[in-house]
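Chain by chain, the residues run as shown.
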Amino acid sequence: METIYLDHNATTPTDERVVEAMLPYFTRRFANPSSGYGIASDARRAAEDARVTVADVLNTSPHSIVFTSGGTESDNIAIKGVALRNLDRRGHIVTTRVEHHAVLRTCEYLRDRLGFEVSFLDVDPNGRVAPESVAAAIRHDTLLVTIMLANNEVGVLEPVREIAALARGKGVLTHTDAVQAVGKVPVDVDDLGVDLLSLSGHKLYGPKGIGALYVRPGVEFDPLAHGGGHERGLRPGTENVPGIVGLAAAMRLAEQDLDAEMKRLRDLTLRLEEGISGSIEDVTIHSESAPRIPGTTNIAFHYVEGESVALSLDMEGVSVSTGSACTTDTAQPSHVLSAMGVAPGVAQGSVRFGLGRHTTAGEIDRVVEVLPGIIARLRSMSPLYRPKDERR
Ligand code: PLP
């Protein structure tokens, strides 16, 4: 049975062309870029060329790019780094209730262990935060606003451009977790106006274990790790040259086809949403009317467990998840859907479909074909369910 992979928000396959670009840096060009001899200059040049590419795709200058091990580390370096820089006076951080745990847990740590204050802002039923509530939350001691660009569970795009402009007007730094946005929508750091931006290779057909942090020149933060002078001392440790080369290659590839791929994924997402809502009663498409990244749709099948739907789809060879890959081991309803005001029972019945580069219309049609039977079977076992015509 061919697998239909619809969990591209969790991770993506590394593009063959990316693997090809990386391979020499494991073998022939293995040298440590910090070494002084001739063969090291190959590795050094490759990493610096990659930095130029990553910066170019984000429309910024190479010295504002710091390579990291991925999205989680970039988020931690940005948020804890700014906080530690201000450790003597502590201060206040503004974020939302729908962030990825890499941001939420970091903020909670700073609050609980180091005495920083954090405002976790509410969102509307689509999962969007209002720029006005960010403005209202900023205080005289606010150090940082950290709000994601695209949500990993529902795909909604946050108004980061407006937020960064108003934060800057009040002299406050803005960080955005753009892990789910880079490679899926155009991301121009200049236009966004943010001071810090996190991205991750494995979400955009690059390898796992590589990411980057954009740092606007002049923004000061303390490094979390101490060691050599790599990445200007902001993230010491021997560079992951194959990963860095792979990240750059992946970002360039994503950029090349972006407009066409966005349209293709939007069309396929609509095909899936229309197919499902046309053949199954009592479904809710979360954030349906809000701007979203192409390819992500989170759908609640009322009266059933999302986990059971995912399991049944898996038996049909379809891989989906019920939300963030990092939280599937907890039985709690998604913190994102809860923050959006979705009732716990409906949140528990939600499934995230993450379409990607290799998803075809035929695959979508196959999912639309098998789902009604799965949902009907699960509902027939559900004590909560009554068919619509039997309801009063
Ligand atoms: N931020 C968001 C929005 C994500 O979706 C993820 C991954 O799921 C991360 C951060 C963490 O990225 P990484 O897996 O590269 O550490």
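Criteria and cut-off values
- Residues numbered from 1 in each chain as written.
- Predicted model: local features only at pLDDT ≥ 70, side-chain atom pairs only at ≥ 80, totals over all residues.
- Heavy atoms only, no water.
- Salt bridge = Lys/Arg side-chain N within 4 Å of Asp/Glu carboxyl O.
- Helix = DSSP H or I, 4+ residues; strand = E, 2+ residues; numbered from the N terminus.
- Patch = residues over 30% accessible without salt bridge, like charges linked within 9 Å, V, L, I, M, F, W, Y side chains within 5 Å.
- Areas by Shrake-Rupley, 256 points an atom, 1.4 Å probe, with all protein chains shown as cover.
- Pairing = 2+ DSSP bridges.
- Axes fitted to C-alpha atoms, helices over the stretch in contact; angles between N-to-C directions.
- Contact = heavy atoms within 4.5 Å.
- Parallel < 35°, antiparallel > 145°, perpendicular 65-115°, else oblique.
- Left-handed = near helix turned anticlockwise from the far one by under 90°.
- Nonpolar A, V, L, I, M, F, W, Y, C, P; charged D, E, K, R; others polar.
- Near = heavy atom within 4 Å.
- Polar contact = N/O pair within 3.5 Å; in protein donor to acceptor, adjacent residues only side chain to side chain.
- Phe/Tyr/Trp six-rings, centres within 6.5 Å; stacked < 30°, edge-to-face > 60°.
- Lys NZ or Arg CZ within 6 Å of the ring centre and 35° of its normal.
- Buried < 20%, exposed > 50% of the residue type's maximum accessible area, 1.4 Å probe, protein only.

## Some points on the pattern of salt bridges
For step 1, the next point in the chain: Overall, the coordinates contain 26 salt bridges when judged by the stated rule.
For step 2, the next point in the chain: As a salt-bridge pair, aspartate 7 and arginine 352 come within 3.0 Å of each other at their nearest N and O atoms. Highlighted residues: aspartate 7 in the loop between strand S1 (4–5) and helix H1 (16–22) and arginine 352 in strand S12 (residues 350–354), separated in sequence by 345 residues.
For step 3, the next point in the chain: Between aspartate 122 and arginine 97 there is a salt bridge whose closest N-O contact spans 2.9 Å.

## Topic: a nonpolar patch on the surface
For step 1, the next point in the chain: Taken together, the side chains of Val19, Leu23 and Phe26 make up a nonpolar region of the molecular surface, amounting to roughly 270 Å² of accessible area.
For step 2, the next point in the chain: Inspection of the secondary structure assignment puts leucine 23 in the loop between H1 and helix H2 (38–57).

## Topic: the sheet that holds strand S10 (residues 296–301)
For step 1, the next point in the chain: Read from one edge to the other, the open sheet built from three strands follows the order S9-S10-S12, with strand pairing classed as antiparallel. Unpaired on one side and paired on the other, strand S9 (283–285) and S12 mark the two borders of the sheet. Sheet twist, expressed as the mean angle between neighbouring strand axes with direction ignored, is 25 degrees.
For step 2, the next point in the chain: Seen against the sheet, helix H9 (residues 258–279) touches S9, S10 and S12 and runs at an angle of roughly 10 degrees to S10.

## Thoughts on the packing of helix H3 (residues 71–85) against helix H4 (residues 101–114)
For step 1, the next point in the chain: One way to put it is that H3 packs onto H4 with a least axis distance of 9 Å and a crossing angle of 30 degrees. It follows that H3 is roughly parallel to H4 by the angle criterion. The crossing of H3 and H4 is right-handed. Contacts between H3 and H4 pair Thr72, Asp75, Asn76, Ile79, Lys80, Ala83 and Leu84 from the former with Ala102, Val103, Thr106, Cys107, Tyr109, Leu110 and Leu114 from the latter.
For step 2, the next point in the chain: When grouped by side-chain class, the residues that make up the contact of H3 with H4 number nine nonpolar, three polar and two charged.

## Examining the site of the ligand
For step 1, the next point in the chain: Among the 13 residues in the neighbourhood of the ligand, the closest are listed as Thr72, Asp177, Gln180, Ser200 and Lys203.
For step 2, the next point in the chain: At 2.6 Å from a nitrogen atom of the ligand is found a side-chain nitrogen or oxygen belonging to aspartate 177.
For step 3, the next point in the chain: Between an oxygen atom of the ligand and a side-chain N or O atom of histidine 202, the distance comes to 2.9 Å.
For step 4, the next point in the chain: Per-element accounting of the shell around the ligand gives the leading share, three residues, to H3.
For step 5, the next point in the chain: Looking at the shell around the ligand residue by residue, the classes come out as two nonpolar, eight polar and three charged.

## A closer look at the packing of aromatic side chains
For step 1, the next point in the chain: For the structure on display, the rule yields one aromatic pair.
For step 2, the next point in the chain: The ring of tyrosine 109 is capped by lysine 80, whose NZ or CZ atom sits 5.2 Å from the centre of that ring.
For step 3, the next point in the chain: Arginine 357 extends its terminal NZ or CZ atom over the ring of tyrosine 205, reaching a point 4.0 Å from the ring centre.

## Let's talk about unusual backbone geometry
For step 1, the next point in the chain: A positive phi angle, close to 60 degrees, is found at asparagine 59, a residue other than glycine.
For step 2, the next point in the chain: Its place among the elements puts asparagine 59 in the loop between H2 and strand S2 (65–68).
For step 3, the next point in the chain: A relative accessible area of 40% places asparagine 59 in the partly exposed class.

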